[in-house]
2 protein chains.
Amino acid sequence: MQAATTREQIINQAFQLMLQRGLNGFSYRDISEPLGIKNAAIHYHFPNKMDLLSALIAENHQLLRESTSEFMAYGGPARPQLEGLFDYTLDQCGCGRPICMVGALAVDYKDLSDNIKRANDSFIHDSLNWLTKVLETGREQDEFHFEGPAKRKAVAILATIQGARQMARVESMDILTSIFAQIRTDLGISS
Amino acid sequence: MQAATTREQIINQAFQLMLQRGLNGFSYRDISEPLGIKNAAIHYHFPNKMDLLSALIAENHQLLRESTSEFMAYGGPARPQLEGLFDYTLDQCGCGRPICMVGALAVDYKDLSDNIKRANDSFIHDSLNWLTKVLETGREQDEFHFEGPAKRKAVAILATIQGARQMARVESMDILTSIFAQIRTDLGISS
DNA sequence: TTTCCTACTTACTTATAGGTAAGTATACAG
DNA sequence: CTGTATACTTACCTATAAGTAAGTAGGAAA
């Protein structure tokens, strides 16, 4: 944590704010004040808010890759990979990032630049392809039991997790555990 | 549509904006300009934005009650009630209301007044209780087949629908149909 | 030792947000 | 025909947003 550059501090602060309040829910002041810097310092590193947003999306990709590299590998037993996704989601919510990047962007989706939309899209499709593969192999290996195409099931589960995070904000984080339990049950997992 | 009062026009316009862009995503100007009135006219009917928001939440309750009175009755066959919920969701998304009120409020949840939080909470719990009942009776009547407590399943399904709407904004509305199909499949419904 | 680059700060600008106070047109009541 | 309530408009205010231009402190390079 020590010796973080101003640039890194800005990204960290903005990332936290973004995933708590959405793009329109925070200002440059909310970033600069707690860091003890001036607004213009942010503009120095990120000329406008879209540049900052790009950096946040990159940060999100990076963070996901780091946090998931162990369990997000293709192949092997499917169950721990799914559990890894659940744990990751719980971790994120637990450390003050209640909404995920996709959810935060969905509200302001109309005024996003094309390259940001593309980055977001590719993020979704990467996640989707990974989960589809996990479900497919899980079904082949008799770990999971479900009807319908694996891809469709993957979309449904991602949507469920997305919605679960939203509901957790309004209700409590317990709801996440409960919903994950139901997803397991629906996949025919005993415990 | 004819002879709508200014107050009604304001609510309609604001409702649409709210469910497209979220609370912080629109301004008084976005309401007044298309209606050909002045900002102060809005302040006359709704002194501040929270008053307007209260009216929008009431509108949302009202609309839901109207649109769902036929299928949201307790008792009777469960399947059409569930289908009613799916149709309602599709309708709302189809007529330019991509995010639901709960989703729109979730982002700005922190700066809502207590009575608005309460109104939102009670809305969620009403929906939840209704769906729980539908699932319970559906299971008793052998229409639905699922494991786990009905309430937990209801939470999971509502979360799925919530997330589905969010994903539909980014992807396309087809994803809704697909996710609903998977929910049916997971409930052991043939077609 | 001067020059230049990096990483900022100071001091603005412009736009827009929500909100208010005072004035006005219309309708209806007495 | 006078008053009063309703439903606004005009004209403002204050705060804050994103963004910019010019200045500066400190280190490295020539």
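Scope of this entry: the structure provided in the associated data block. Residues take numbers from 1 onward in each chain, read along the sequence in its written order. For naming, the first written chain is A and the first written ligand is 1, with later ones following in the order written. Selection of residues for local features in this predicted model requires a pLDDT of at least 70, selection of side-chain atom pairs for listing and counting requires 80 or more, and totals for whole chains, interfaces and linings are taken over all residues.

## What about the overall build of chain A?
In plain terms, the rule: Numbering of helices and strands starts at the N terminus; helices are DSSP runs of H or I of at least 4 residues and strands are runs of E of at least 2. The quantity called the radius of gyration is restricted to C-alpha atoms. Its globule counterpart is 2.2 Å times the number of residues to the power 0.38. Think of it as a crowd count around each C-beta: if 20 or more other C-beta atoms lie within 10 Å the residue is buried, if 12 or fewer it is exposed, and in between it is partly exposed, with C-beta placed from the backbone throughout. With C-beta atoms placed from the backbone, a contact is any residue pair whose C-beta atoms sit within 7 Å.
On a plain count of helices and strands, chain A comes out with nine helices and zero strands. Each helix (α) and strand (β) of chain A, taken in turn from the N terminus, gives the series α-α-α-α-α-α-α-α-α. Its C-alpha atoms give chain A a radius of gyration of 18 Å, within 12% of the compact-globule value 16 Å for 191 residues. Over its C-alpha atoms, taken along the principal directions, chain A stretches across nearly 55 × 35 × 35 Å. A burial count over chain A gives 35% of its 191 residues as buried. Residue pairs in contact within chain A that sit at least 24 positions apart in sequence constitute 63% of those at least 6 positions apart.

## Brief notes about the relation of the copies chain A and chain B
Rules: Our superposition of the copies is a least-squares fit, built on the C-alpha atoms of residues whose pLDDT is at least 70 in both.
Between chain A and chain B, which share one sequence, the superposing operator has a rotation angle of 180 degrees and an axial displacement of 0.0 Å; the RMSD is 0.0 Å. In symmetry terms, the pair is related by a two-fold rotation axis.

## Observations concerning the protein's contact with DNA strand D
Heads up, the rule is: Contact assignment follows one rule, namely that a residue is near a molecule or strand if its backbone-placed C-beta atom lies within 6 Å of it. Side-chain classes are defined by residue name, with Ala, Val, Leu, Ile, Met, Phe, Trp, Tyr, Cys and Pro counting as nonpolar, Asp, Glu, Lys and Arg as charged, and the others, Gly among them, as polar.
In the vicinity of DNA strand D there are 16 residues, among which Ser27 and Asn48 of chain A together with Thr6, Ala40 and Ala41 of chain B approach most closely. When contributions to the surface near DNA strand D are tallied by element, the ones reaching two or more residues are helix H2 (28-35) and helix H3 (39-45) of chain A together with helix H1 (6-21) and helix H3 (39-45) of chain B. Residue classes in the surface near DNA strand D are distributed as seven nonpolar, five polar and four charged.

## A closer look at the packing of H1 of chain B against helix H2 (residues 28-35) of chain B
Residue and element names in this part refer to chain B. This is how the line gets drawn: A fitted line through C-alpha atoms represents every axis, and for helices the fit uses only the stretch in contact; the resulting angles, taken between N-to-C directions, go from 0 to 180 degrees. Working definition: roughly parallel below 35 degrees, roughly antiparallel above 145 degrees, roughly perpendicular at 65 to 115 degrees, and oblique for all remaining angles. Helix crossings are classified by the rotation of the near helix relative to the far one: an anticlockwise turn of less than a right angle makes the crossing left-handed, while a clockwise turn makes it right-handed.
It is at 10 Å that the axes of H1 and H2 come closest, and there the two elements cross at 130 degrees. Classified by the angle their axes make, H1 and H2 are oblique. When the axes of H1 and H2 are compared, the crossing they make is right-handed. Contact residues: Gln9, Ile10, Gln13, Ala14 and Leu17 in H1; Asp30, Ile31, Pro34 and Leu35 in H2. Considering only residue class, the contact of H1 with H2 consists of six nonpolar, two polar and one charged.

## A closer look at the protein's contact with DNA strand C
Near DNA strand C you find 15 residues, and of these Thr6, Ala40 and Ala41 of chain A together with Ser27 and Asn48 of chain B are the closest. Secondary structure elements with two or more residues in the surface near DNA strand C: H3 of chain A together with H2 and H3 of chain B. Of the residues that constitute the surface near DNA strand C, the class distribution is seven nonpolar, five polar and three charged.

## Section: the environment of Ala40 of chain A
Residue and element names in this part refer to chain A. Looking at the secondary structure, you find Ala40 in helix H3. By the C-beta count within 10 Å, which is 9 here, Ala40 ends up exposed. Remark: the alpha-carbon pair of Ala40 and Pro80, spanning 40 residues in sequence, is separated by 46 Å.

## Description of the interface of chain A and chain B
Taken together, the 37 residues of chain A in the interface contact 37 residues of chain B. Of all the secondary structure elements, the ones that give two or more residues to the side of chain A that touches chain B are helix H6 (101-107), helix H7 (114-140), helix H8 (150-170) and helix H9 (174-186) of chain A. For the side of chain A that touches chain B, the leading source of residues is H8 of chain A, giving 14 residues. A breakdown of the residues in the side of chain A that touches chain B according to their chemical character gives 17 nonpolar, 13 polar and seven charged.

## With respect to the nonpolar core
What counts here: Put simply, a nonpolar core is buried Ala, Val, Leu, Ile, Met, Phe, Trp, Tyr and Cys residues tied into one set by C-beta atoms within 7 Å.
Counting 46 residues, the largest nonpolar core has Ala164 and Ile179 of chain A together with Ala164 and Ile179 of chain B as the members making the most contacts within it. Those residues in contact with Ile179 of chain B that lie beyond four places of it in its chain are Val155, Ala156 and Ala159 of chain A together with Thr160 and Ala164 of chain B. Residues Leu17 and Leu56 of chain A together with Ile42 and Cys100 of chain B belong to the second largest nonpolar core, which totals 44 residues.

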